[in-house]
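# Results of the structural survey
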Amino acid sequence: MKKPEHREDLVLTLKIGIEHLVNFDFNRFRFLSAPGKRQLENAEFAYRDVQVERWFNVIAESQELRDKTKHGYAIDLARYLAFVDSKGLEPESEKAAHAWEKHLVEKVRLGSIRTNTAQKLNSSIKCLLKLLEHPVEQWFSPFGLFRSEVLPTTAYSDEELKLLLRLIYPLFNQLYRQIIKSPELHLFAQPRDFTAEVELKGKRIEVAGTATKCFTLGYFLMSYFTWANATTLLSMQKFKHENLTKNLVYSQSVLKSRANKYVTISIGDNNVQHVPKHALKFIEKLLKLSNEIAPESEHLFFRVGRGKFTALEQYHLRDTTNWMLEHFNQIDDYGKPLRPMAKRFRASGSARFLDLTGDAVGTASLLGNTPQTLSRHYTKGSPIENQKQLQAATYTLEAVARCSDISESKNYAKKQLDVEVLPYEAFLNKYSESNKHPQTTVIGSGCKDPFGREAEQYRRKMNFSPKDLEVDHLACSDILKCFSCHNQVIVEEVDDIWCLMSFKQSIDDSLADHIDSSQFERNFRDLLEKLDLAIFKVEP
């Protein structure tokens, strides 16, 4: 039988990156099991051209779906067709929908795919069939078959962060100097031509694809300074030099396509109002490099070679990270390869800022996310740092039982763990970085600004007169208002948590000192609700 002709009208061009275009060929759907391009020669024709045309038109003409989503739907449709064709089922049928769901459930049960993957595959097919105007509510199970797994991005530990920055910074600077010295040499080189050399950690290494590697390293440093996600960073345009004068923070609005909104990228350090000098120098170098390589383009990051430049895409980053691992073999705290990733720099920066401020809403705003998204994906921090704190608390408790003295027990824990900082000291250090002079209180919480405006109000309320007595050294002691104060921090240290719970118990016991329960409710209901909320938030 004569092989069906290839139809060019069934090839869909989609933009799935900054400038990355792909041609998805719907001709493969005309054959059983939707084979890949190389398998088409021996594939069996399915005689469903009318259906394939409908699928093509529904996906191509949808105004609600962005190109990256369309590309994902087309790939998932290929997996769906491979399954239903293997079972001899009609793709647009209730039987096929039931079999597909059953197939995904079995794959999850066997551990072949993750629940999130199964949920995504099922959702894609449901959406496609809905676009084709089929009754998906009747065809698919009304119950949630797959429970979403929250997979929060883990932050880098302090040691991991230092290791990466001590590698990325010097590599970027060395490559930058060589490119600026002779930009044409690197611009017109073949991708495998060695045009530069770096010297680091006692190694001298020849470098190919120099300009692309330098831009990739710049991308990682930019992610460290801004906490932006990958797509947003790669969409950044060149900034004007006058924005960098006088150490002003530079900010730029970039479209976050998946959320269909603009987010602001601010360059600074933990939301300070001035760009740190080392960050300012890096930004100026990156801008100069971008202008040297592609003066006419508005983009900031590029892939360079053979006299051409294109916008840097996510799949280009892998080559540079693999090159770094090959030559420098950076290892994380678990003994596994340590890769620089924008999402982990984002998690690290936001986790530290949240630790310093306790302001979840402000941190979410800086990330361009909702507080709910922040809670689900960016509050886990570094498991290594968390484990250190947990171990420290455990050894301290053990030592309290042995020594009956908290100071001796902390020294015992230090010897056991060979660490210098325990949770309480870590708390003090974090907040002293903000020059907020933290203090713990008798009720078990901490205060970020015990000598600030709230302290002045408390002194006035208590009739402390500076004319009669020097009182500037007195901190705020209005403990009943602590749980409504923006300066309060809950310290996840065993002693402090016991103080917190003891404080709550003493308030509960004060019921006996009131005329009746209604008077007690008026006095302490709001406070008890806030206390319960604070205790509930403590990591179990």
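Residues numbered from 1 in each chain as written. Predicted model: local features only at pLDDT ≥ 70, side-chain atom pairs only at ≥ 80, totals over all residues. Heavy atoms only, no water.

## Here we look at the packing of helix H8 (residues 210–226) against helix H11 (residues 314–328)
Running from N to C, H8 and H11 point in directions that differ by 90°, and their axes come no closer than 9 Å. In terms of orientation, H8 lies roughly perpendicular with respect to H11. Residues Lys213, Thr216, Leu217, Tyr219 and Phe220 of H8 form the contact with H11, whose own contacting residues are Leu317, Thr320, Thr321, Trp323 and Met324. (Axes fitted to C-alpha atoms, helices over the stretch in contact; angles between N-to-C directions. Helix = DSSP H or I, 4+ residues; strand = E, 2+ residues; numbered from the N terminus. Parallel < 35°, antiparallel > 145°, perpendicular 65-115°, else oblique. Contact = heavy atoms within 4.5 Å.)

## Quick word on unusual backbone geometry
A positive phi is found at Tyr47, a non-glycine position, where the angle reads about 55°. Mapped onto the fold, Tyr47 is located in the loop between strand S2 (21–25) and helix H1 (49–61). Even without being glycine, Glu133 reaches a positive phi, approximately 65°. Tracing the backbone through its elements, the reader meets Glu133 in the loop between helix H4 (115–131) and helix H5 (136–139). By relative accessible area, which is 72% here, Glu133 ends up exposed. (Buried < 20%, exposed > 50% of the residue type's maximum accessible area, 1.4 Å probe, protein only.)

## Re H8
Here H8 contains 17 residues, and its C-alpha end-to-end distance of 24 Å stays within 8% of the 24 Å for a straight helix at 1.5 Å per residue. In terms of burial, H8 is a largely internal element, 16 of the 17 residues being buried. Residue Trp227 follows H8 closely and has a positive phi angle near 65°. (Expected span 1.5 Å × (residues − 1).)

## Looking at the confidence of the model for the protein
On average, the protein scores 79 in pLDDT, and the residues at 70 or more come to 70%. Here residues 269–274 scores under 50 on pLDDT; set against residues more than four positions off or in separate chains, the count is 13 contacts. Predicted confidence for residues 419–424 stays below pLDDT 50, and this span has 17 contacts to residues more than four positions away or in other chains. (pLDDT = per-residue confidence, 0-100.)

## As for the pattern of salt bridges
Under the counting rule described, the total for this entry stands at twelve salt bridges. The partner of Arg7 in a salt bridge is Asp49, and the shortest N-O contact between them spans 3.9 Å. Of the two residues, Arg7 is situated in the segment before strand S1 (11–15) and Asp49 in helix H1; the sequence distance between them amounts to 42 residues. Here Arg30 and Asp49 are joined by a salt bridge, their closest N and O atoms 3.1 Å apart. Within this pair, whereas Arg30 is found in the loop between S2 and H1, its partner Asp49 is found in helix H1, the two being separated by 19 residues in sequence. On the basis of relative accessible area, Arg30 is assigned to the buried category, the value being 5%. Relative accessible area serves as the criterion here: at 22%, Asp49 is assigned to the partly exposed category. Three or more residues are tied together by salt bridges with common partners; here these are Arg7, Asp9, Arg30, Asp49 and Glu53. (Salt bridge = Lys/Arg side-chain N within 4 Å of Asp/Glu carboxyl O.)

## Digging into the side chain of Asp332
On the secondary structure map, Asp332 appears in the loop between H11 and helix H12 (342–357). For the buried residue Asp332, which engages in no salt bridge, the nearest side chain bearing the opposite charge is Arg344, 5.2 Å off. One polar contact links the side chain of Asp332 to the main-chain amide nitrogen of Tyr334, over a distance of 2.8 Å. Setting aside residues no more than four positions away along its own chain, Asp332 makes contact with Glu160, Pro337 and Leu338. (Lys, Arg positive; Asp, Glu negative; His and termini not counted. Polar contact = N/O pair within 3.5 Å; in protein donor to acceptor, adjacent residues only side chain to side chain.)

## Side note on the nonpolar core
As a rule of thumb, soluble globular proteins bury nonpolar side chains together. Leu171, Tyr219 and Met222 are the most contacted members of the largest nonpolar core, which has 55 residues in total. Ranked by the residues each element gives to this core, the list is headed by helix H6 (residues 158–181), at eleven residues. In this structure, Leu171 is in contact with Val198, Leu200, Leu217, Trp323, Met324 and Phe328, ignoring residues within four places of it in sequence. Ranked by size, the runner-up nonpolar core spans 37 residues in total, among them Phe29, Tyr73, Leu81 and Leu129. (Core = buried A, V, L, I, M, F, W, Y, C linked by side-chain atoms within 4.5 Å.)

## Some details on the pairing of strand S3 (residues 194–200)
Note: S3 against strand S4 (residues 203–208), six bridges, orientation antiparallel. Its bridge partner being in S4, Glu199 is matched across the sheet by Arg204. The turn linking S3 back onto S4 is made up of two residues, and Lys201 within it adopts a positive phi angle of 55°. (Pairing = 2+ DSSP bridges.)

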